[in-house]
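# Examining the three-dimensional arrangement
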Amino acid sequence: MVDPRFSILSEDFAAAPHRYFARLREQSPVHYEPELDSYFLSRHRDVRRVLTDHDAFTTETLQVRAEPVMRGPVLAQMTGAEHTAKRKIVVRGFTGPALQDQIRVIRANAAELVAPFLPLGRLDLVNDFGKPFAVRVTLDVLGLDRDDWRQVAAWLGGVGEFITSIVLTPDRRRHCLDCAEQLEAYLVPIIEQRRRHPGADLISRLCTAEFDGITMSTRDITALVVNILVAAVEPADKTLALLFKHLIDHPEQLARVRTDPTLLPAAIAETLRYTPPVQLVPRQAEQEAVFAGTVVPAGATVFCMIGAANRDPDAFTAPDTFDIHRPDLGTARSFTAAAQHLAFGAGLHQCPGAAFARAEIETVAALLLPLLDDVRHSPGFGYRETGLYTRGPVSLSLDFSPSGTARRLG
Ligand code: HEM
């Protein structure tokens, strides 16, 4: 049995959640957390059911959890025609011809950021590279000034903390709301200027887009831009670092990817399955629901445990093994609505940035791998992950021998 005193809020769980996944799925698949008055679901089939039964499980919780810092209703809260139309605008902004231009932006940012580290033979892939990279690329794509990335990253830190904190002290709450207000004050004049003089960037497209004859208000666009910034930045830098960590820890798979870069999408998909950066997705039960014989009452908050679901043996063979060749993942569908892993969610609210995320991580990994020969963990480096809601490495210090290409670039 799961120890009745076991808590998802405990330090032991925070240190290594994956150690508890099997026990939760087998012995407490509907885990009630009294301090949060919430239910945590860990089985793949239950998580998929919650994410795809939109009438029974709504995104109502986001009104409290996200709206105050997003400065307006976010995409995930919307339903019906409004959701479909705004989602289409976002998807269009990150796929097709737009994506081709964005790949150039991704490559340019990556090359510029890595260059100073090449002669040093050492790089912290999270703090030196991944974090600035993910913010700068998203700013570029939105049409914001990438030189503002430090300031925007600091504001996003507060916004993200508000949404993903399980428990928030009044002081931290105030800090997070301040960050959100400052981010809004930064965005509103830019949005209004783009409304008057639209360009080719995503913010301009949001200003001129129409659905049912109605254009979006400045408040709608502000919320959508904050939504995209928060949703795009954090999971991308975490996935990149986790991809490198898993490949370095599995040298034979790293060697295969080096000789055959067409394996990169499979390596990215397996990284997302094995260690999804978004670990929890909340929903509210509209009516009483029963999972594995346990009743979840109407109105209850339900957390989908994506990490546990992605390691359910009912969905994946040998789920605790990182294997880029696993036949049950299906790389081609891993970045679509038909994905078997749940790292991008499922159903109506499934991540509209999945194709962009794949292109972003594939492009940057394909650029970095040939530059970093013999890439390995730096001597004495202690690996540590943090986060219950979103989770990833605190840092990832890598040593490498600059390759011939790197010496020419450096
Ligand atoms: C590896 C990278 C990424 C991961 C793992 C990821 C994961 C997720 C997940 C799990 C959700 C579903 C939340 C829910 O059901 O409530 C989601 C939604 C969302 N994601 Fe992503 N995401 C990633 C990258 C991106 C990028 C690059 C963008 C920007 C284009 C983006 C934009 C969004 C938006 C706007 C939503 C809300 C969609 C809606 O409610 O209709 N994401 N993402």
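Now for a look at the structure at hand. All figures in this text were calculated on a predicted structure; none of them were measured in a lab. (Residues numbered from 1 in each chain as written. Predicted model: local features only at pLDDT ≥ 70, side-chain atom pairs only at ≥ 80, totals over all residues.)

## Quick look at the overall build of the protein chain
Operational definition: Helix and strand assignments come from DSSP, with helices taken as H or I runs of at least 4 residues and strands as E runs of at least 2, each series counted from the N terminus. Here the radius of gyration uses the C-alpha set of atoms, whereas the globule reference equals 2.2 Å times the residue count to the power 0.38. The exposure scheme places C-beta atoms from the backbone and then counts, for each residue, the other C-beta atoms within 10 Å of its own, assigning buried at 20 or more, exposed at 12 or fewer, and partly exposed in between. By the convention adopted here, residues are in contact when the distance between their C-beta atoms, placed from the backbone, does not exceed 7 Å.
Each helix and strand in the protein chain was counted, giving 17 helices and 14 strands. Taken over the C-alpha trace, the protein chain has a radius of gyration of 21 Å; the compact-globule value for 410 residues is 22 Å, and the two agree within 12%. Projecting the C-alpha coordinates of the protein chain onto the three principal axes gives extents of approximately 65 × 55 × 40 Å. The buried share of the protein chain, taken over its 410 residues, is 45%. A fraction of 70% describes how many contacts in the protein chain between residues 6 or more apart in sequence connect residues 24 or more apart.

## Here we look at the pairing of strand β10 (residues 301-305)
For clarity, the cut-off: At least two bridges found by DSSP between two strands are what make those strands a pair.
The buried fraction of β10 amounts to four of the five residues, a majority that puts the element mostly inside the structure. Taken together, the four bridges between strand β2 (residues 38-41) and β10 define a ladder with parallel strand orientation. Its bridge partner lying in β10, Y39 is registered against V302. Sheet topology note: the strand β7 (residues 280-285)/β10 ladder contains five bridges and is antiparallel. Among the inter-strand pairings, P282 is bridged to a residue of β10, identified as F303.

## Looking at the nonpolar core
Filter applied, for reference: The nonpolar core criterion groups buried Ala, Val, Leu, Ile, Met, Phe, Trp, Tyr and Cys residues into a set whenever they are joined through C-beta atoms within 7 Å.
Among the nonpolar cores identified, the biggest contains 114 residues, and V159, C304, M305 and I306 are the most heavily contacted of them. Here the element with the most residues in this core is helix α12 (residues 218-249); it accounts for 18 residues. Excluding anything up to four places from it in sequence, C304 contacts L41, V47, V50, L51, L280, V281, R283 and A309.

## Side note on helix α10 (residues 170-196)
Short version of the rule: Working rule for helices: expected span equals 1.5 Å times residues minus one.
Taking 1.5 Å as the rise per residue, α10 with 27 residues should run 39 Å; its terminal C-alpha atoms sit 39 Å apart, in good agreement. Taken as a whole, α10 has its buried residues at C176, C179, A180, L183, E184, L187, I191 and R194. Check the buried side of α10 and you find it contacts α5 (67-70), α9 (149-164), α11 (202-208) and α12.

## A look at helix α7 (residues 96-114)
Quick note on the threshold: For this quantity, the arc is that covered by the directions from the helix axis to the C-beta atoms.
End to end, α7 covers 27 Å across 19 residues, agreeing with the expected 27 Å (1.5 Å per residue, within 8%). Looking only at α7, the buried set comprises Q102, I106, N109, A110 and V114. Down the axis of α7, the smallest arc covering the buried residues is 110°, so these residues share one side. Away from the buried face of α7 by more than 90 degrees, exposed residues P97, Q100, D101 and R104 are located. Looking at the buried positions of α7, the neighbouring elements they touch are α8 (125-142) and α16 (354-368).

## Points about the sheet that holds strand β11 (residues 372-377)
The following threshold applies: Lines fitted to the C-alpha atoms define the axes, with helices restricted to the stretch that makes contact. Angles between their N-to-C directions range from 0 to 180 degrees.
Taken together, three strands build an open sheet; the order of strands is β4-β14-β11 and the sheet is antiparallel. Of all strands in the sheet, those bounded by a partner on one side alone are β4 (122-124) and β11. Strand-to-strand twist across the sheet, computed as the mean angle between neighbouring axes with direction ignored, equals 30°. Note that β11 and strand β14 (residues 397-402) share four bridges and pair antiparallel. When the bridges of β14 are listed, D373 appears paired with S401. Relative to β4, α8 is tilted by about 60°, and along the sheet it contacts β4 and β14.

## What to know about the site of the ligand
Our working definition: A residue counts as near a molecule or strand when its C-beta atom, positioned from the backbone, falls within 6 Å of it. In this classification, the charged set is Asp, Glu, Lys and Arg, the nonpolar set is Ala, Val, Leu, Ile, Met, Phe, Trp, Tyr, Cys and Pro, and all remaining amino acids, among them Gly, are polar.
Taken together, the neighbourhood of the ligand is formed by 26 residues, with A76, A231, G345, C351 and G353 sitting nearest. Contributions of two or more residues to the shell around the ligand are made by α6 (80-93), α12 and α16. Tallying contributions element by element places α12 first for the shell around the ligand, with seven residues. Taken together, the residues of the shell around the ligand sort by class into 20 nonpolar, five polar and one charged.

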